[in-house]
Amino acid sequence: MAAVYQAVYRRASSLFCRLHSTYVRKIRYLNELKEDDSLCRQAQTSGTFYLFHNLSPLLQQVGKKYLVPQVSAAEMKRILEKLKETEQWTEKSVLIGCSDEHVPHFALDLGDLEKSVIESELKGSFTDLRKALFVVDEKDSPLLASAQSLLRWHDSHQYCSKTGQPTQKNISGSKRVCHASGIIYYPQMSPVVIILVSDGSRCLLARQPSFPQGMYTALSGFCDVGENVEETIRREVAEEVGLEVESLWYSASQHWPFPSSCLMIACHALVRAQQAEISMNSLELEEARWFGLEEIVEGLKREPRSSKQDDGSLLPWFPPKQAIAHQLIHEWVKQQTS
């Protein structure tokens, strides 16, 4: 009987801790804000705002560091009053998260207002997101990426695809509704595979013409309708470099805001060393080649555009640690050296 009681007690204690953990309470609070317009409107008066201007986030430089300022609701009100803005700008914001203490975070694009005034008031500058993601703290880059993706989605979904009538954003920005048809639109992400191909002793990296000079990364491509992840990986590797995948395994995933909101599904793929001759698709790639362990280790140490050769070209360098491609390459090095 005592054993039964102890088992029930352990289950009840586990459930109690889980339901009252900081994470669970935070997630449930965010869900309430998404579903309750009046509660979310009230939260806007006590929350903090991440500011954008035409989808470029506001950064502040302090010494050699770049910080992402969280602007209070009171500070937002002061700035808008200085700009003589009477419109309810906070109504245009989107909910992007909250702190463990339940301070809600919103993203707001002020693209229609004078950029220089906002920058002067907040002692910062609006920076292209591609640059911002690689200079801010690692905890801030995912927040900026998801914020921009959500702001971009609302900007491009203002009309119903069936009726052509305007859609209405709910206060949190978790959806848009066409009141003429009753259709509810939710933000979506496109699945993309990113694959580090190896023949066992080398890994394959490639570059597109649009890449910064000298940068190589893993292969990637969008999932086609009807494909699963495994089928997409095999097809992309065959299409881009003419190799057949023998086996593959999952590594991790990452939200990525380019070219729009994407879910990057990172995997390793193995091809046979005896059949590893690259047949590159020049319509998609500028170059693709095999890299040995020593060259990869040296490349990981380089800063972007840091090492020029005698002919003026740059030594290969790889995506920074904030990108999931960096994680794949780093994992491959660990596999080779373990």
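The structure presented is a predicted model; accordingly, all values stated were derived computationally and were not measured.

Asks: What is the right way to look at a nonpolar patch on the surface in this model?
Replies: There is a patch of nonpolar side chains on the surface, built from Y66, F134 and V135 and spanning about 230 Å² of accessible area. Tracing the backbone through its elements, the reader meets F134 in the loop between α6 (129-132) and α7 (141-156).

Asks: Would you take a moment to explain the nonpolar core for this structure?
Replies: In summary, soluble globular proteins display a tendency toward joint burial of nonpolar side chains. Residues L144, I194, L196, L205 and I296 are the most contacted members of the largest nonpolar core, which totals 40 residues. Taken domain by domain, this core gets at least three of its residues from each of domain 1 (22-151) and domain 2 (191-337). Leave out the neighbours within four places in its chain, and L196 touches C203, L204, L205, A218, C267, H268, A269, L328, I329 and W332. Counting residues in each nonpolar core, the second largest holds 25 residues, with L33, F106, L108 and L122 among its members.

Asks: I would appreciate a short explanation of the domain arrangement of the chain in the present structure.
Replies: Many analyses report the size of an interface as the accessible area lost when the parts associate. Looking at the assigned domains, one finds that the chain contains domain 1 (22-151) and domain 2 (191-337). Here the C-alpha centroids of domain 1 and domain 2 sit 33 Å apart. Facing the 11 residues of domain 1 at the interface are nine residues of domain 2. Carbon and sulfur atoms supply 69% of the area that domain 1 and domain 2 bury against each other, a total of about 840 Å² over both sides. Inspection of the domain 1/domain 2 interface yields one salt bridge. Ionic pairing is found between K321 and E138, a salt bridge with its closest N-O pair at 3.7 Å. Inspection of the region where domain 1 meets domain 2 yields one residue pair in polar contact (both at pLDDT 80 or more). At the level of elements, α6 and α7 are the ones that each hand at least two residues to the side of domain 1 that touches domain 2. Of the residues in the side of domain 1 that touches domain 2, the class split is five nonpolar, four polar and two charged.

Asks: When you look at the pattern of salt bridges in this model, what are you seeing that I'm missing?
Replies: Any two side chains of opposite charge can pair, so long as their charged atoms come close to each other. As enumerated under the stated definition, the model contains 18 salt bridges in all. Linking K26 and D100 is a salt bridge whose minimum nitrogen-to-oxygen distance equals 3.4 Å. With K26 in helix α2 (residues 22-35) and D100 in the loop between β5 (94-98) and β6 (104-109), this residue pair connects regions lying 74 residues apart in the sequence. The exposure class assigned to D100 is partly exposed, which follows from its relative accessible area of 43%. Note that K92 is salt-bridged to E87, the shortest N-O span being 2.8 Å. Residue classification places E87 among the partly exposed positions, given a relative accessible area of 39%. The network of salt bridges with common partners includes D224, E227, R235, E236 and E239.

Parameters at a glance
Residues numbered from 1 in each chain as written. Predicted model: local features only at pLDDT ≥ 70, side-chain atom pairs only at ≥ 80, totals over all residues. Heavy atoms only, no water. Patch = residues over 30% accessible without salt bridge, like charges linked within 9 Å, V, L, I, M, F, W, Y side chains within 5 Å. Areas by Shrake-Rupley, 256 points an atom, 1.4 Å probe, with all protein chains shown as cover. Salt bridge = Lys/Arg side-chain N within 4 Å of Asp/Glu carboxyl O. Helix = DSSP H or I, 4+ residues; strand = E, 2+ residues; numbered from the N terminus. Core = buried A, V, L, I, M, F, W, Y, C linked by side-chain atoms within 4.5 Å. Buried < 20%, exposed > 50% of the residue type's maximum accessible area, 1.4 Å probe, protein only. Domains from an automatic or database assignment. Contact = heavy atoms within 4.5 Å. Buried area = accessible area lost by both parts, 1.4 Å probe. Polar contact = N/O pair within 3.5 Å; in protein donor to acceptor, adjacent residues only side chain to side chain. Nonpolar A, V, L, I, M, F, W, Y, C, P; charged D, E, K, R; others polar.

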